[in-house]
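Now for the letters of each chain:
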Amino acid sequence: SRRGELGVVRRSVDPRHQLAAITKAVQKAGEQAVLFETVEGTNFPVASNLYGSHERLCRLIGAGDGTTFCQRWIELTDACIAAREADVLEQAPAAVQAEFVAGTLSDLPAITYHARDAGPYFTSAIFLAREPDSGVPNLSFHRAMYVSDKELRVRLGGTHDLARYQAKAEERGEPLEAALLLSCPPEIFLAACASLPYEASELTVAAKISGAKLAMRRGVSINLDMPASVDIVVEGRFLPNVKRPEGPFGEFMGNYVGVGDNHVFEVSHVSYRPGAVFHGLVCGSPEDLRPLEAVTAARIYRHVASQMPGVIDV
């Protein structure tokens, strides 16, 4: 890049361990993002460490010139809570759908990050789903283990909004439709980091970050609209009352999470823009932790500022 923030690896790399090892070495040396032009087993290049710099995070949300990340983040999330969906979303032109081609999960990079991981994982996986009653959309990160072209296994946890959506659908004996968003623009990635009230939408945060309405396109196999700016989309549904073994996996705290029975995501369609770049994220790395630290700092800033107005300015 013109700023010297992108390193490029032109020789072919193995997605099993080697790609992650090189990414970690790049991160140890500095804050550069890294682009792997040729990855074995796939036609997709892979980018990593895109969000491993606090300075880049500030630029992406419009902080700077006297405004800190915390202050700008609070402005964005406050504005989104008051926004209506009609004010921030719009339907993409019909021609946008023609930009995508159908494929399979095995077209995508099959990255195995750690020596004891059960297999390839989608680690930058952002799930989009709607609350079964209100229809409010939610964006959230969840690791997804590749099993086959038709099945992923996903650890939802117990406190995430998506887990509540899935539990509500399951109580009715219904699957929960969802889309796995990969290769997202920065506003989608950062919006998924937001911690909002249950009734608020992360898509509105994305629109506020971008400064424009989000163009949405209709899913091919599910009744769900998704941001047209996302280059790779995996459509499917969480099956009710079905759990299967998932893991082990090297999680963000630097430890392996062992095998556990977790949710099954049945894949119904995969689409992508030709020439898309796949985002591979090393869990526990600066790219994983820096956005979470920044968003957490904003929550602490808000709390302290409310308790001690005029005392802090960070």
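Presented here is an overview of the structure given in this document. (Residues numbered from 1 in each chain as written. Predicted model: local features only at pLDDT ≥ 70, side-chain atom pairs only at ≥ 80, totals over all residues. Heavy atoms only, no water.)

### What to know about the overall build of the protein
So, step 1. In terms of regular secondary structure, the protein is built from eight helices and 18 strands.
So, step 2. Its C-alpha radius of gyration of 19 Å places the protein within 12% of the 20 Å reference for a compact globule of 314 residues.
So, step 3. Expressed along its principal axes, the backbone C-alpha trace of the protein runs to roughly 55 × 50 × 45 Å.
So, step 4. Out of the 314 residues in the protein, the part that is buried amounts to 51%. (Helix = DSSP H or I, 4+ residues; strand = E, 2+ residues; numbered from the N terminus. Rg over C-alpha atoms; globule rule 2.2 N^0.38 Å. Buried < 20%, exposed > 50% of the residue type's maximum accessible area, 1.4 Å probe, protein only.)

### Observations regarding the pattern of salt bridges
A side chain with one charge may pair with a side chain of the opposite charge, provided their charged atoms come close.
So, step 1. Scanning all chains against the criterion turns up 16 salt bridges.
So, step 2. Ionic pairing is found between E5 and R59, a salt bridge with its closest N-O pair at 2.9 Å. One end of the pair, E5, is in the segment before β1 (6–9); the other, R59, is in helix α2 (residues 54–61), with 54 residues separating them in the sequence.
So, step 3. Taking the relative accessible area as the measure of exposure, E5 reaches 16% and is therefore buried.
So, step 4. Judged by its relative accessible area of 31%, R59 falls in the partly exposed class.
So, step 5. Notably, a salt bridge pairs R10 with E37, separated by 3.8 Å at the nearest N-O pair. Within this pair, whereas R10 is found in the loop between β1 and α1 (18–29), its partner E37 is found in the loop between β2 (33–36) and β3 (46–48), the two being separated by 27 residues in sequence. (Salt bridge = Lys/Arg side-chain N within 4 Å of Asp/Glu carboxyl O.)

### A short note on the sheet that holds strand β13 (residues 225–227)
The strands making up a sheet associate through hydrogen bonds between their backbones, and the pairing can be parallel or antiparallel.
So, step 1. Taken in spatial order, the three strands of this open sheet run β4-β12-β13, and their pairing is mixed. Looking at which strands have only one partner, the edges of the open sheet turn out to be β4 (89–91) and β13. Sheet twist, expressed as the average angle between the axes of neighbouring strands with direction ignored, equals 45 degrees.
So, step 2. Where helix α7 (residues 202–210) meets the sheet, it contacts β4, β12 (214–218) and β13, and its direction lies at approximately 135 degrees from that of β12. (Pairing = 2+ DSSP bridges. Axes fitted to C-alpha atoms, helices over the stretch in contact; angles between N-to-C directions. Contact = heavy atoms within 4.5 Å.)

### Some details on the sheet that holds β3
So, step 1. Strand order in this open sheet of four strands is β1-β2-β3-β18, and the pairing throughout is mixed. Both outer strands of the open sheet, β1 and β18 (278–279), are each paired with one neighbouring strand and no more.
So, step 2. Direction of pairing for β1 relative to β2: parallel, over a ladder of four bridges. Directly across from L6, in β2, lies its bridge partner A33.
So, step 3. Relative to β2, α1 is tilted by about 150 degrees, and along the sheet it contacts β1, β2 and β3.

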